[in-house]
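Spelled out, the chains give:
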Amino acid sequence: MGEVVRRLPFCGAYEKKIGNTVFIPESPVTFVHPIILTTVLSLWKPPMKNLVILGAGTAGTMMLNKLHAMLDSSQWQITIVDQFETHYYQPGFLFIPFGIYSRKDVVKPKRDFFPAGAKVVSAEIDRIEAEENRVLLKNNVVLNYDLLIVATGAKINPDETEGMKDGLWYKNIFDFYTIEGACALADFFRRWEGGKLVLNVAEMPIKCPVAPLEFVFLADWWFTERGIRDKVDIHYVTPLPGAFTKPRASGILGDFLDKKNIHLTPDFSIARVENEERKIVSWDETEIPFDVLVTIPTNMGDEMVERSGLGDELRFIPTNKQTLQSEAHENIFVIGDATNLPSSKAGSVAHFQADILTENILSWMEGRPLRAQFDGHANCFIESGFGKGILIDFNYDTEPLPGKFPLPGVGPFSLLEETEMNHYGKIMFRWMYWNFLLRGKELPIESHMSMAGKRM
Amino acid sequence: METREIAGKTLAFDADGNLANLADWNEEIAQALATEEGIESLTDRHWLVLNYMRSEFQEKGDAPSIRKLTKESGVDTKELYQLFPKGPAKKAARIAGLPKPKGCI
Ligand SMILES: Cc1cc2nc3c(=O)[nH]c(=O)nc-3n(C[C@H](O)[C@H](O)[C@H](O)COP(=O)(O)OP(=O)(O)OC[C@H]3O[C@@H](n4cnc5c(N)ncnc54)[C@H](O)[C@@H]3O)c2cc1C
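Residues numbered from 1 in each chain as written. Chains lettered and ligands numbered in written order. Predicted model: local features only at pLDDT ≥ 70, side-chain atom pairs only at ≥ 80, totals over all residues. Heavy atoms only, no water.

Peer 1: What exactly am I supposed to notice about the site of the ligand here?
Peer 2: Residues and elements named next belong to chain A. Every one of the 31 residues lining the ligand counts as a neighbour, but Thr-58, Ala-59, Asp-82, Ile-125 and Ser-348 are closest to it. Ala-346 is positioned such that a nitrogen or oxygen atom in its backbone is 3.4 Å from an oxygen atom of the ligand. Summarising the interface, the protein chains cover 95% of the accessible area of the ligand, which totals 990 Å² for the free molecule. Broken down by class, the residue content of the shell around the ligand amounts to 14 nonpolar, 10 polar and seven charged. Residue assignment places the shell around the ligand across two domains, with domain 2 (45-83 + 122-153 + 302-374) and domain 3 (158-299) each supplying three or more. (Near = heavy atom within 4 Å. Polar contact = N/O pair within 3.5 Å; in protein donor to acceptor, adjacent residues only side chain to side chain. Areas by Shrake-Rupley, 256 points an atom, 1.4 Å probe, with all protein chains shown as cover. Nonpolar A, V, L, I, M, F, W, Y, C, P; charged D, E, K, R; others polar. Domains from an automatic or database assignment.)

Peer 1: How should I be thinking about the sheet that holds strand β9 (residues 125-129) of chain A in this particular structure?
Peer 2: Sheet strands pair via backbone hydrogen bonds, and the direction of the pair is either parallel or antiparallel. Residue and element names in this part refer to chain A. Strand order in this open sheet of three strands is β9-β10-β11, and the pairing throughout is antiparallel. Looking at strand neighbours, the two that pair on one side only are β9 and β11 (142-144), the edges of this open sheet. Adjacent strand axes in the sheet meet at a mean angle of 20 degrees, parallel and antiparallel pairs treated alike. Pairing between β9 and strand β10 (residues 134-137): four bridges, direction antiparallel. Within β10, the residue paired with Glu-129 across the bridge is Arg-134. (Pairing = 2+ DSSP bridges. Helix = DSSP H or I, 4+ residues; strand = E, 2+ residues; numbered from the N terminus. Axes fitted to C-alpha atoms, helices over the stretch in contact; angles between N-to-C directions.)

Peer 1: I would appreciate a short explanation of helix α5 (residues 88-95) of chain B in the present structure.
Peer 2: For an α-helix, the turn length of 3.6 residues means that residues three or four places apart are oriented alike. Residues and elements named next belong to chain B. With seven of its eight residues buried, α5 lies for the most part within the structure. Where α5 is concerned, the buried positions are Pro-88, Ala-89, Lys-91, Ala-92, Ala-93, Arg-94 and Ile-95. Those residues of α5 that are buried are in contact with β1 (2-6), α1 (27-36), α2 (44-60), α3 (66-72) and α4 (77-83). Gly-97 sits one or two positions beyond α5 and adopts a positive phi of about 80 degrees. (Buried < 20%, exposed > 50% of the residue type's maximum accessible area, 1.4 Å probe, protein only. Contact = heavy atoms within 4.5 Å.)

Peer 1: Would you mind showing me how to read the environment of A:Ala378 here?
Peer 2: With respect to the element layout, A:Ala378 can be found in strand β24 (residues 378-385). Discounting residues that sit within four places of it in the chain, A:Ala378 has contacts with A:Ser344, A:Val349, A:Phe352, A:Ile392, A:Asp393 and A:Phe394.

Peer 1: Is there a simple way to think about the sheet that holds strand β21 (residues 292-296) of chain A in this case?
Peer 2: All names here are of chain A. Ordered in space as β14-β21-β15-β16-β17, the five strands form an open sheet in which the pairing is parallel. Edge positions in the sheet fall to β14 (173-174) and β17 (263-265), since each has one partner strand and no second. Both β14 and β21 contribute to a ladder of two bridges, which runs parallel. Bridging from a neighbouring strand, Phe-174 pairs with Val-294 of β21. Along the sheet, helix α4 (residues 211-225) makes contact with β15 (195-201), β16 (232-237) and β21, crossing β16 at roughly 175 degrees.

Here it is in structure tokens:
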């Protein structure tokens, strides 16, 4: 036994030094005077817990705003991490190639959307060490967490297709899923005199699965306005068996393609791009020539997910379809494009998920069962050109149906029909996005899909 | 749900035309389904894929995607499309007696 160094104040216990380590006898409390004990207990606070949100895009920012407003800041410290300081309104990328929006219309500083007092870390995430409950950042900072929300989204990977990024990339081959691609395509279109325009979806799933359709609808309108529609051959090439994933909407949207004189090739899985001959070739050697190729390359989760060993073959994180808890770790939740859910990867979907996730996080914190269930609800305005739009509303089990939305029989929006009102809905979405959605405020749409107003 | 005769047995099929009951499946029925898909005779390479799909389905409850297939079955994408022309994931699932892969939207 070492020597007694000093008597601890109040406790009557002895702090002893054994070698270099300090030894405190096991139950000093037995010596404590009751008044002192009550005072100490009333001053005692549970240790602060850490909630870390990875990714401050659509979903992460929404969750930060919702939880910041609800959690007791003396109990939970919320930290959000992102590599970039600019927030991009991705739905706006669709309009850039046609000169409707430019860069300045789709960017705002992320900090404008963070609540006062939020702890924001600007750094690239290296990996999650789930077994240790910590996140390593590329700048060597380590963040420990009690609860983690992953919202690192999805991005395009043109390198997944042979030849995609060879000679013609950003010369005759463009994407519009990044700001760079959308702006490069805008420059190209301004000078283009016409020819074969091919839109190809490389592989499903993709973010906003209606965006490629909207792109060809807008191209039809834009080249008509420019007076060269007769010189532009528009060709929609997809790995799906039809225009869209869900049968009824696929039929209706397929008719729109027909009506707008847009050629459809379904069941085409791209194997490679031949740059010299300007053609795309499928795995079963079907060839489609192009003058300009607009590609939606393979969408995958961030590399961080793979480095963490948490993803599937597309780096999406296996997530419970209903509760949004990760399949592998009970203190990790996943939201938005980063999940492997069979729902659409869209901002509107992330918004519905955010309501469910907030409820489940509160339950988790109190040790209650996770009762809130996500039903796969998606609601998408499809811009169809000439100042009109189409609206679809669906979930895991119910495919898009015709009818009125959100008020049954009244609208003002019409489901699966082309109307001017639906177009205004799409245009209004940007305003709603900046002012309501990102700030975590309620929208007048239920997070669960409703059958009211729909026709079977 | 529809019932019809295949390989001498009367079996139930789901709305996608896939076998309704996993247990109804056997190798003879697989060949009959393959013939319907335009594949004359199932080779060892076909069987490699089919067996992988069945074991994956039994483990995970969903048929694997093409990406997963090529990563784990030992058959590359090019060959997969030669074995099961047009939509290998869908076709192979049908021949393996599994429901259509849920896929994504
Ligand atoms: C062209 C286009 C059109 C679209 N149109 C619509 C539409 O009309 N309606 C609709 O609802 N949705 C639309 N979407 C989809 C919508 O934009 C996305 O679904 C939504 O943004 C997903 O949100 P998220 O938070 O999951 O991902 P994101 O908003 O992409 O955010 C992910 C964040 O994580 C950060 N991050 C990732 N990895 C790391 C790392 N390693 N380190 C640090 N930070 C990291 C990123 O920097 C990013 O800020 C469209 C998308 C595109 C591309």
